Amino acid sequence: MIISGKELSAKLKAEMAEQVATFPAKYGRVPHLTVVLVGDDPASVSYVTGKAKASEVVGIRNTTIRRPADISEEELLGLIRDLNADDTVDGILVQLPLPGHISEPKVIEAISRDKDVDGFHPLNVAALWQKQPCILPCTPKGIIRMLKTAGVEIRGKRAVVIGRSNIVGLPVAKLLLDENATVTVAHSKTADLPSVTRQADILVVAIGRPRFVTADMVSEGAAVIDVGVNRDPVTGKLCGDVDFAAVEPKASVITPVPGGVGPMTICCLMENTIECFLKKMER
Ligand code: L34
């Protein structure tokens, strides 16, 4: 079975749109998400455009602020300070990666915790690892939602996550652990990776290499979640970290690229924006 993130996110966005439609009467306005895009990397432009489109579908106000790649770190931090202070802004997202001369940790830390719709702020990350109330990072949250919707039992299962980034690998491992999976975090230096991944009932791949996971690495009946968004070096088309054609026949469920985790990431961003808005309105 193929888990369509595209379909699931469309359904969830329609539900959110109904909810958001009630906000003007209740709160006098709709939630407002501000996305900051530095430079013009085509992939980032595409993702940021997707965020603006989803906002429109859900009825969230979206402001996308574009700045040139040579903006100074100081100027970017100044922009974030202004957005923090702006009472009409509920969510702030600075699209990553940033140009090399700008410190990503500094930028992430500068975003007000209350407006951190990505869930990347160190205080938010700490809250996640301490099982305190927090904003769940969008991609990991979307992955758990897809598994649950597909009826995949997580509790007691062996999960293997390939990749240990702050954005995906580490938080998704933590969320799977919280769902009572037994979790192994593997990566590019893992010795005999296929023998590790073959143990997985649930395999999450976030390594960023086209068709890295081959059929011999997957056990019969595994649930396979492909977080990769790569360009096929030969065809130039979008492809995942998993060799979909080879792995799909073995998997019990699998997510496609495109149309899998990507749309769910954006969908969860919409949820997080509503969550930040409601928290503010109820303060
Ligand atoms: N701050 N930076 C911040 N927050 C994020 O949550 C992200 N991420 C990652 C990169 N940088 C970020 C995203 O938004 C990755 N990411 C993301 C979001 C959406 C999609 C892919 C990655 C997506 O919608 N992918 C489509 C294909 C889009 C295309 O055609 O290029 C898909 O169907 O997979």
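Keep in mind the model is a prediction, meaning the values are calculated, not measured.

What counts, and at which threshold
Residues numbered from 1 in each chain as written. Predicted model: local features only at pLDDT ≥ 70, side-chain atom pairs only at ≥ 80, totals over all residues. Heavy atoms only, no water. Near = heavy atom within 4 Å. Polar contact = N/O pair within 3.5 Å; in protein donor to acceptor, adjacent residues only side chain to side chain. Areas by Shrake-Rupley, 256 points an atom, 1.4 Å probe, with all protein chains shown as cover. Helix = DSSP H or I, 4+ residues; strand = E, 2+ residues; numbered from the N terminus. UniProt positions renumbered as here; feature names shortened; annotations may be inferred. Pairing = 2+ DSSP bridges. Contact = heavy atoms within 4.5 Å. Axes fitted to C-alpha atoms, helices over the stretch in contact; angles between N-to-C directions. Salt bridge = Lys/Arg side-chain N within 4 Å of Asp/Glu carboxyl O. Core = buried A, V, L, I, M, F, W, Y, C linked by side-chain atoms within 4.5 Å. Buried < 20%, exposed > 50% of the residue type's maximum accessible area, 1.4 Å probe, protein only. Phe/Tyr/Trp six-rings, centres within 6.5 Å; stacked < 30°, edge-to-face > 60°. Disulfide = S-S within 2.5 Å.

**A short note on the site of the ligand**
Link 1 in the chain: The full set close to the ligand counts 17 residues, and K51, V94, L96, D118 and G259 are the nearest of them.
Link 2 in the chain: A distance of 2.7 Å separates a nitrogen atom of the ligand from a polar atom in the side chain of D118.
Link 3 in the chain: Surface burial for the ligand is 81%, taken as the share of its 680 Å² of free accessible area covered by protein chains.
Link 4 in the chain: Of all the secondary-structure elements, those providing two or more residues to the shell around the ligand are α3 (42-58), β3 (91-94) and α11 (261-281).

**Considering the UniProt feature "domain: Tetrahydrofolate dehydrogenase/cyclohydrolase NAD(P)-binding" (unreviewed entry) in the protein chain**
Link 1 in the chain: Feature annotation in UniProt assigns "domain: Tetrahydrofolate dehydrogenase/cyclohydrolase NAD(P)-binding" (unreviewed entry) to the following positions: residues 137-279.
Link 2 in the chain: Taken end to end, residues 137-279 has its terminal C-alpha atoms 17 Å apart, with 35% of it in helix and 17% in strand.

**Quick notes on the sheet that holds strand β6 (residues 202-205)**
Link 1 in the chain: One open sheet holds the five strands; their spatial order is β5-β4-β6-β7-β10, and the pairing between them is parallel. Bordering the open sheet on either side are β5 (182-186) and β10 (253-254), each of which pairs with just one other strand.
Link 2 in the chain: Examined bridge by bridge, strand β7 (residues 223-226) and β10 share two bridges and lie parallel to one another. Within β10, the position partnered with A223 by the bridge is V253.
Link 3 in the chain: Its contacts with the sheet place helix α8 (residues 169-178) against β4 (158-162), β5 and β6, and it is angled at close to 170° to β4.

**Focus: the pattern of salt bridges**
Link 1 in the chain: Taken as a whole, this structure holds 12 salt bridges when the rule is applied.
Link 2 in the chain: Here E179 and K148 are joined by a salt bridge, their closest N and O atoms 3.0 Å apart. You can see E179 sitting in the loop between α8 and β5 and its partner K148 sitting in helix α7 (residues 138-149), a full 31 residues away along the chain.
Link 3 in the chain: Close ionic contact of R211 with D232 constitutes a salt bridge, the shortest N to O distance being 2.6 Å.

**Notes on the nonpolar core**
Link 1 in the chain: One finds I143, L147, L176, V204 and M270 to be the most contacted residues of the largest nonpolar core, which totals 52 residues.
Link 2 in the chain: Looking at this core element by element, the count peaks at 11 residues for α11.
Link 3 in the chain: When sequence neighbours within four positions are dropped, the list of residues in contact with V204 reads I143, V160, V161, I162, V172, L176, I225 and V227.
Link 4 in the chain: In this structure, V36, L98, I108 and I111 belong to the second largest nonpolar core, which totals 19 residues.

**Side note on the packing of aromatic side chains**
Link 1 in the chain: Throughout the structure, instances matching the rule amount to three aromatic pairs.
Link 2 in the chain: Centroid distance F23 to Y27: 5.4 Å. Interplanar angle 70°. Geometry classified as edge-to-face. Of this pair, F23 and Y27 both sit in helix α2 (residues 23-27), four residues apart, which is roughly one turn of that helix.
Link 3 in the chain: On the basis of relative accessibility, which here comes to 26%, the residue Y27 falls in the partly exposed class.

**Observations concerning the state of the cysteines**
Link 1 in the chain: Following the criterion strictly, the structure yields zero disulfides and no others.
Link 2 in the chain: Distance from the sulfur of C276, which forms no disulfide, to the nearest cysteine sulfur (C138) is 9.7 Å.

**Points about the environment of L93**
Link 1 in the chain: Tracing the chain through its elements places L93 in strand β3.
Link 2 in the chain: What makes L93 buried here is its relative accessible area of 1%.
Link 3 in the chain: When the C-alpha atoms of L93 and A126 are compared, they prove to be 19 Å apart, with 33 residues separating the residues in sequence.

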